[in-house]
Amino acid sequence: MTVLRPGGEQDPPPGERAPGAMGATAPGTTGEQAPDTTGEAPRARRRWNTPERRRRILVAVVVVWAVALTALVLVQNRGETTDPAAAAPSASPSASDAPLTVAEVSQALTPSVVVIETAGHDSQNHLEAGTGTGVIANADGTIMTAAHVIDGAESIKVTYADGSSSSAAIVGQDDEQDIATIRPQKLPETLVPAVLGGGVAVGDDVVAIGNPLGLAWSTSSGVVSGLDRKLDRDDSADIAGLIQFDAAVNPGNSGGPLINTRGQVVGIVVALANPTDAGTFIGIGFAVPIGAALGGGDGDGQAPPL
């Protein structure tokens, strides 16, 4: 039987459901089933695994890797870095072994060199005068020179590099080595003793400072030509163990210093080879080694208490 409802609706036949009617089907029964929500998950995974999303993930991984690598490098560098103050080089005072030039030797030693002028009478009572050279060898102003420069002198005058002068007296004389010491009565305003000591070898550069032929504070240079030379003297014993050098020296250089390239006085000039009566330099000069001039030894580079 069909039952009519208001609005012309009829009850559906037994076993049929009106369209749009809500209901549930028991398991195992036929009819329309509820939507399966489990089907949404595969579709969501397929939307996530797109080429665009893979590209973004790859970029993010690269960025993270780069940041991690940079951090590792910074940490390693920080561990290896030392204190800048400790790494900076520090200067320590030390003496230079570099040889001096002739100009530097002259500049350093000229203030230690003096002009020696002597006056006296010969055996016939004739007035004689002479000029030689000396070197300030001690802080008390003691001067070393050649013995023959002051031998027989009745008066001795020394003139310093600053132009001041003083009379002087003999305090020691060794004719065997042709070495003498004199002491001035007045000292210059600035006293500059030379450094005595040091040895030389054949071929070493040397400098001579003196007053050849009255030309005060002249500088010449050359080399050591030989060692242990012997000088024959007519009126006294020979001198042995001399330094032979070829720096130009002439009368007036006697008593002056022979200097090495360290600025040390290595000898006292006493003679030049003179095969003729001219008495001029021919390329061979002689100096008493400073050790022998001081009474033995090689010298210690210090001004001795003469």
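Residues numbered from 1 in each chain as written. Predicted model: local features only at pLDDT ≥ 70, side-chain atom pairs only at ≥ 80, totals over all residues. Heavy atoms only, no water.

Colleague: Kindly report on the side chain of S112, identifying the contributing residues and their values.
Modeller: Along the chain, S112 turns up in the loop between α4 (102-109) and β3 (113-121). One polar contact links the side chain of S112 to the main-chain carbonyl oxygen of V192, over a distance of 2.5 Å. Residue contacts for S112: discarding those within four places in its chain leaves G134, V135, I136, V192, P193 and A194. (Helix = DSSP H or I, 4+ residues; strand = E, 2+ residues; numbered from the N terminus. Polar contact = N/O pair within 3.5 Å; in protein donor to acceptor, adjacent residues only side chain to side chain. Contact = heavy atoms within 4.5 Å.)

Colleague: Describe the pairing of strand β14 (residues 264-272), listing the residues and the values that go with them.
Modeller: A large share of β14 lies buried, amounting to eight of its nine residues. Inspection of the sheet shows strand β9 (residues 195-196) paired to β14 by two bridges, in the parallel sense. Bridge pairing in β14 places L196 opposite V265. Both strand β13 (residues 257-260) and β14 contribute to a ladder of three bridges, which runs antiparallel. Directly across from I259, in β14, lies its bridge partner V265. One ladder, built from five bridges, connects β14 with strand β15 (residues 285-289); its direction is antiparallel. (Buried < 20%, exposed > 50% of the residue type's maximum accessible area, 1.4 Å probe, protein only. Pairing = 2+ DSSP bridges.)

Colleague: So what's going on with the pairing of β15? Residues and values would help.
Modeller: With four of five residues buried, β15 is to be regarded as a mostly interior element. One ladder, built from three bridges, connects strand β12 (residues 239-245) with β15; its direction is antiparallel. Paired with I243 across the two strands is A287, which belongs to β15.

Colleague: Can you tell me about the nonpolar core, naming the residues and giving the values?
Modeller: Among the nonpolar cores identified, the biggest contains 38 residues, and I116, M144, I182, V265 and I268 are the most heavily contacted of them. Residues V224, V266, V269 and L272 belong to the second largest nonpolar core, which totals 14 residues. (Core = buried A, V, L, I, M, F, W, Y, C linked by side-chain atoms within 4.5 Å.)

Colleague: Let's hear about the pattern of salt bridges: which residues, and what values?
Modeller: Tallied over the entire structure, the rule returns two salt bridges. Linking D140 and R183 is a salt bridge whose minimum nitrogen-to-oxygen distance equals 3.6 Å. Taken together, the residues span a long stretch of sequence, with D140 in the loop between β4 (127-136) and β5 (143-146) and R183 in strand β8 (residues 179-184) at a distance of 43 residues. Here D140 falls in the partly exposed class, since its relative accessible area comes to 33%. (Salt bridge = Lys/Arg side-chain N within 4 Å of Asp/Glu carboxyl O.)

Colleague: How would you sum up the environment of Q244? Please name residues and give values.
Modeller: Structurally, Q244 is set in strand β12. Q244 sits 43 residues away from A287 along the chain, and the two C-alpha atoms are 6.7 Å apart. Aside from chain neighbours lying at most four places away, what touches Q244 is V223, V224, S225, G226, R229, I284, G285 and F286.

Colleague: Describe in detail the environment of G285, supporting the description with residues and values.
Modeller: Topologically, G285 is positioned in strand β15. Residues G285 and V270, spaced 15 residues apart in sequence, show a C-alpha to C-alpha distance of 8.1 Å. If we skip the residues at most four places from it in the chain, G285 touches I243, Q244, F245, V249, A271 and L272.

Colleague: Can you break down the environment of V266 residue by residue, with the values?
Modeller: With respect to the helices and strands, the residue V266 is situated in strand β14. Once residues within four sequence positions are removed from consideration, V266 is found in contact with G197, G198, G199, V200, I243, L258, I259, N260, V288, P289 and I290.

Colleague: Break down the confidence of the model for the chain for me, citing the residues and quoting the values.
Modeller: Of the residues in the chain, 68% have a pLDDT of 70 or more, and the chain-wide mean is 77. This stretch, residues 79-96, has a pLDDT under 50; its non-local contacts, to residues over four places away or in other chains, come to one contact. For residues 297-306, every residue scores under 50 in pLDDT, and the model assigns this stretch 30 contacts once sequence neighbours within four places are set aside. (pLDDT = per-residue confidence, 0-100.)

Colleague: Tell me what's going on with the sheet that holds strand β7 (residues 165-174), and back it up with residues and numbers.
Modeller: Strands sit in the order β3-β4-β5-β8-β7-β6 around a closed barrel of six strands; the barrel is antiparallel. Between one strand axis and the next, the sheet turns through 40° on average, direction left out of account. Note that β3 and β4 share nine bridges and pair antiparallel. Note on β4: the bridge partner recorded for I116 is G132. (Axes fitted to C-alpha atoms, helices over the stretch in contact; angles between N-to-C directions.)

Colleague: Pulling in residues and values, what's your account of α4?
Modeller: All buried positions along α4 are accounted for by V105, S106 and L109. When α4 is viewed along its axis, its buried side chains cluster within an angular range of 100° and face the same direction. Within α4, the exposed residues directed more than 90 degrees away from the buried face are A103 and Q107. Looking at the buried positions of α4, the neighbouring elements they touch are β3, β10 (205-210), β11 (218-231), β13 and β14. (Arc of directions from axis to C-beta.)

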